[in-house]
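Residue-level listing of the chains:
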Amino acid sequence: MNPEETTAGHLQELRRGTVVLACLVRLRIPDYGYALLESLNTLGILVDANTLYPLLRRLEKQGLLTSEWNTDEARPRKFYRTSPSGEQLADALMTDWRRIDDALAGLTTGDEK
Amino acid sequence: MTILTDRYMWAAARTLPEAQRAEFDRELRERIGDATDALIEAGASPDDAERAALTELGDPAALAAHYVDRPLHLIGPRYFLAWWRLLKLLLITVLPFAAIGIAIAQAVTGATVGGIIGAVIGVGISVGVHIAFWTTLVFAILERTPAPAGRRGIDVAWTLDMLPALPEPGKASRLAELISSVVFLVVFAAAIVVQQFGVPWVPELASVPILDPALWSFWLPYFLGLIGLEILFAVAIYAWGWNWWLAAGNLVLNIAFTLPALWLFLTGQLINETALEAMRWPWGDSAPIIVTIVVLVAIGGALWDVIDGVIKTVRARGAARATA
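Residues numbered from 1 in each chain as written. Chains lettered and ligands numbered in written order. Predicted model: local features only at pLDDT ≥ 70, side-chain atom pairs only at ≥ 80, totals over all residues. Heavy atoms only, no water.

Description of the overall build of chain B
Line of reasoning, step 1. The helix and strand inventory of chain B stands at eleven helices and zero strands.
Line of reasoning, step 2. Ordered by position in the sequence, the α and β elements of chain B form the string α-α-α-α-α-α-α-α-α-α-α.
Line of reasoning, step 3. Computed over C-alpha atoms, the radius of gyration of chain B comes to 34 Å, more than 25% over the 20 Å expected from 2.2 N^0.38 for 324 residues, which places it beyond the range of a compact globule.
Line of reasoning, step 4. Reported as C-alpha extents along the three principal axes, the dimensions of chain B are approximately 110 × 60 × 35 Å.
Line of reasoning, step 5. When each of the 324 residues of chain B is scored for burial, the buried share is 30%.
Line of reasoning, step 6. Of the contacts formed within chain B by residues at least 6 apart in sequence, a portion of 70% connects residues at least 24 apart.
Line of reasoning, step 7. Carbon and sulfur atoms make up 72% of the accessible area of chain B, which totals about 20200 Å².
Line of reasoning, step 8. Of the charged side chains in chain B, 21 are positive and 28 negative, and the gap between their average positions amounts to 7 Å. (Helix = DSSP H or I, 4+ residues; strand = E, 2+ residues; numbered from the N terminus. Rg over C-alpha atoms; globule rule 2.2 N^0.38 Å. Buried < 20%, exposed > 50% of the residue type's maximum accessible area, 1.4 Å probe, protein only. Contact = heavy atoms within 4.5 Å. Areas by Shrake-Rupley, 256 points an atom, 1.4 Å probe, with all protein chains shown as cover. Lys, Arg positive; Asp, Glu negative; His and termini not counted. Charge placed at Lys NZ, Arg CZ, Asp CG, Glu CD.)

Here's what the structure looks like:
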């Protein structure tokens with residue numbers, strides 16, 4: 001495995017959980033798959049469609065998202081929205097994210113105490 | 001939506017349960033439509049956009065499998081070790097017995113040595129393939145059987161008690177001894193059975209039993225039984241290492257084999273008269289010398305085996321005391 005592949009693999013692992021968190025926070029306002037993909041990538045949260053669509057389904061299965069079909073337009077679209085348990089998870093993940101960020105900041109500046 | 005998309009949808013949906021197809025179809029069409037539109041907006045032609053969108057989705061069967069959480073591996077990490085351990089255990093226990101059984105059956109029905117080896121290899125391969133196939137099939141089914149909620153399925157939780165014991169010093173070398181003993185004893189037993197049908201590569205003895213066929217009424221089964229005991233004895237040595245009980249057992253076994261064999265040999269009951277005639281025995285003046293050599297080799301071999309056992313017992317005791 002060359003160094004670039006190794007880097008790409010680790011970056012992917014590091015981002016995996018953050019995509020879940022970003023989805024849960026972003027979907028407090030209901031939206032459909034492609035719009036979510038666009039807005040996350042515009043914000044700099046890099047995720048590709050083959051990751052995002054299965055993730056949305058999994059989160060829905062776990063009860064963290066709810067969904068509703070919108071048939072107002074020519075193309076029916078499934079709108080996802082963060083559920084109350086999704087909100088709780090988002091809070092817990094966000095708290096942990098901040099804690100890790102602080103810890104890493106302390107580690108890099110050598111100012112752990 | 002064109003024929004290409006329809007073909008993709010059909011290829012993906014056909015492996016899904018009927019109940020999930022409608023929802024899957026709707027979701028996927030939304031995704032393909034949105035992706036295609038975005039590419040058209042970016043300046044691609046509708047055809048190229050659709051092709052690119054479908055290509056990005058990848059293999060439809062894989063997509064559908066992910067959709068229903070169907071595993072894309074035969075046996076996953078949950079069952080892999082259980083499968084691997086069971087397979088090895090079955091192969092090392094069943095295969096040797098099958099091979100011995102086939103060899104004996106072939107020998108009894110009068111097959112040639114080449115025929116026996118051929119049958120053992122042929123049936124051995126087929127038994128091995130069957131064991132591997134059916135074991136793997138069972139685990140592949142288990143992999144696809146959902147465990148009841150909150151249960152782990154049939155895989156056993158690993159505990160500290162499952163740690164293997166450190167290899168006993170000497171057990172590895174005893175394994176080599178076990179294998180060579182068992183191979184020798186099996187060949188010996190096979191030779192006793194096969195000699196009944198003569199020695200095919202010596203024309204005069206092609207269909208003449210070497211040992212007196214009258215011995216089948218008692219003595220040859222007795223020797224075959226002793227060889228069976230010797231195999232058990234070799235396994236016991238492997239399992240427990242040499243000790244005084246086993247050294248004594250070794251003495252008893254050697255006496256039980258060598259004494260009757262020598263008695264039969266010296267009283268002329270061992271070798272078939274017809275075979276002796278075919279070999280033109282006695283060979284001039286050398287007969288007494290040859291008989292003496294045979295007797296000395298038999299006694300010497302048995303004696304050495306007994307002494308070897310005693311030496312190994314003393315050494316094993318010494319090693320045990322040193323480590324205690």
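What to know about the overall build of chain A
Line of reasoning, step 1. Secondary structure summary: chain A contains four helices and three strands in total.
Line of reasoning, step 2. Over its C-alpha atoms chain A spans a radius of gyration of 17 Å, topping by over 25% the 13 Å that the globule rule assigns to 113 residues.
Line of reasoning, step 3. Taking the principal axes of the C-alpha coordinates as reference, chain A spans close to 55 × 35 × 25 Å.
Line of reasoning, step 4. By the burial criterion, 31% of the 113 residues in chain A qualify as buried.
Line of reasoning, step 5. Of the contacts formed within chain A by residues at least 6 apart in sequence, a portion of 47% connects residues at least 24 apart.
Line of reasoning, step 6. Here chain A has roughly 7500 Å² of accessible surface; of this, 54% comes from carbon and sulfur atoms.
Line of reasoning, step 7. Looking at chain A, you have 14 positive and 17 negative side-chain charges, and the mean spots of the two groups are 5 Å apart.

Some points on the packing of aromatic side chains
Given two aromatic rings, one states the distance between the centres and the angle between the planes to describe the pair.
Line of reasoning, step 1. Counted under the stated rule, the structure contains 16 aromatic pairs over all chains.
Line of reasoning, step 2. Measuring from ring centre to ring centre gives 5.4 Å for Y32 of chain A and F79 of chain A, while their planes differ by 55°; the resulting arrangement is tilted. Separated by 47 residues along the polypeptide, Y32 of chain A in strand β1 (residues 31-32) and F79 of chain A in strand β3 (residues 77-82) bring together distant segments of the chain.
Line of reasoning, step 3. Since its relative accessible area comes to 22%, F79 of chain A is described here as partly exposed.
Line of reasoning, step 4. The rings of F184, F188, F218, W219, Y222, F223, F257 and W263 of chain B are connected pair by pair, giving a single aromatic cluster.
Line of reasoning, step 5. The ring of Y67 of chain B carries the charged tip of R57 of chain A above its face, separated from the ring centre by 3.6 Å. (Phe/Tyr/Trp six-rings, centres within 6.5 Å; stacked < 30°, edge-to-face > 60°. Lys NZ or Arg CZ within 6 Å of the ring centre and 35° of its normal.)

A look at helix α4 (residues 84-109) of chain A
Residues and elements named next belong to chain A.
Line of reasoning, step 1. An ideal rise of 1.5 Å per residue puts 38 Å on 26 residues; α4 measures up with 38 Å between its terminal C-alpha atoms.
Line of reasoning, step 2. Regarding α4, the residues found buried are G86, A90 and G106.
Line of reasoning, step 3. Close packing links the buried residues of α4 with α1 (3-26) and β3. (Expected span 1.5 Å × (residues − 1).)

Observations regarding the pattern of salt bridges
Line of reasoning, step 1. Scanning the entire structure with this criterion turns up 15 salt bridges over all chains.
Line of reasoning, step 2. A salt bridge links R99 of chain A to D96 of chain A; the shortest N-O distance between them is 3.2 Å. On the criterion of helical spacing, the pair formed by R99 of chain A and D96 of chain A is a turn pair, its members being three residues apart in helix α4.
Line of reasoning, step 3. Overall, the relative accessible area of 35% leaves D96 of chain A in the partly exposed class.
Line of reasoning, step 4. What you see here is one network of salt bridges that share partners, running through E73, R75 and R77 of chain A together with D34 and D37 of chain B. (Salt bridge = Lys/Arg side-chain N within 4 Å of Asp/Glu carboxyl O.)

Topic: the sheet that holds β3 of chain A
In a beta sheet, neighbouring strands are held together by backbone hydrogen bonds and run either parallel or antiparallel to one another.
Line of reasoning, step 1. One open sheet accounts for three strands, arranged β1-β3-β2 (chain A); its pairing is antiparallel. The open sheet has two edge strands with one neighbour each: β1 and β2 (65-70) of chain A.
Line of reasoning, step 2. Alignment of β1 of chain A against β3 of chain A, held across two bridges, turns out to be antiparallel. Paired with D31 of chain A across the strands is Y80 of chain A, a residue of β3 of chain A.
Line of reasoning, step 3. Against the sheet, helix α2 (residues 18-41) of chain B touches β1, β2 and β3 of chain A, its axis set at about 95° to β3 of chain A. (Pairing = 2+ DSSP bridges. Axes fitted to C-alpha atoms, helices over the stretch in contact; angles between N-to-C directions.)

Brief notes about the domain arrangement of chain B
Line of reasoning, step 1. Here chain B is described as being made up of domain 1 (3-67), domain 2 (77-146) and domain 3 (171-323).
Line of reasoning, step 2. Between the C-alpha centres of domain 1 of chain B and domain 2 of chain B the distance comes to 46 Å. (Domains from an automatic or database assignment.)

A short note on the packing of α2 of chain B against helix α3 (residues 46-57) of chain B
All names here are of chain B.
Line of reasoning, step 1. Where α2 contacts α3, the two axes come as close as 8 Å, and the packing angle between them is 130°. The angle between the axes of α2 and α3 places the two elements in the oblique class. The element α2 and its partner α3 pack so that their crossing is right-handed. Contact residues: α2 offers L28, R31, I32, A35, T36, L39 and I40, while α3 offers P46, A49, E50, A52, A53, L54 and L57. (Parallel < 35°, antiparallel > 145°, perpendicular 65-115°, else oblique. Left-handed = near helix turned anticlockwise from the far one by under 90°.)

Section: the interface of chain B and chain A
Accessible area lost on assembly of the parts is the figure often given for the size of an interface.
Line of reasoning, step 1. Listed as interface residues are 15 residues of chain B and, on the opposing side, 16 residues of chain A.
Line of reasoning, step 2. Note on chain B versus chain A: buried area summed over both sides is about 1400 Å², and carbon and sulfur give 42% of it.
Line of reasoning, step 3. At the junction of chain B and chain A, the tally comes to five salt bridges.
Line of reasoning, step 4. The salt bridge partner of K78 of chain A is E23 of chain B, with a shortest N-O separation of 2.8 Å.
Line of reasoning, step 5. Seen at the junction of chain B and chain A, the total is eleven residue pairs in polar contact (both at pLDDT 80 or more).
Line of reasoning, step 6. In terms of residue count, α2 of chain B provides more of the side of chain B that touches chain A than any other element does, eleven residues in total. (Buried area = accessible area lost by both parts, 1.4 Å probe. Polar contact = N/O pair within 3.5 Å; in protein donor to acceptor, adjacent residues only side chain to side chain.)

Comments concerning the pairing of β3 of chain A
Residues and elements named next belong to chain A.
Line of reasoning, step 1. One ladder, built from six bridges, connects β2 with β3; its direction is antiparallel. Considered in β3, the bridge of E68 is made with F79.
Line of reasoning, step 2. Where β2 folds back on β3, the antiparallel hairpin that results is connected by six residues.

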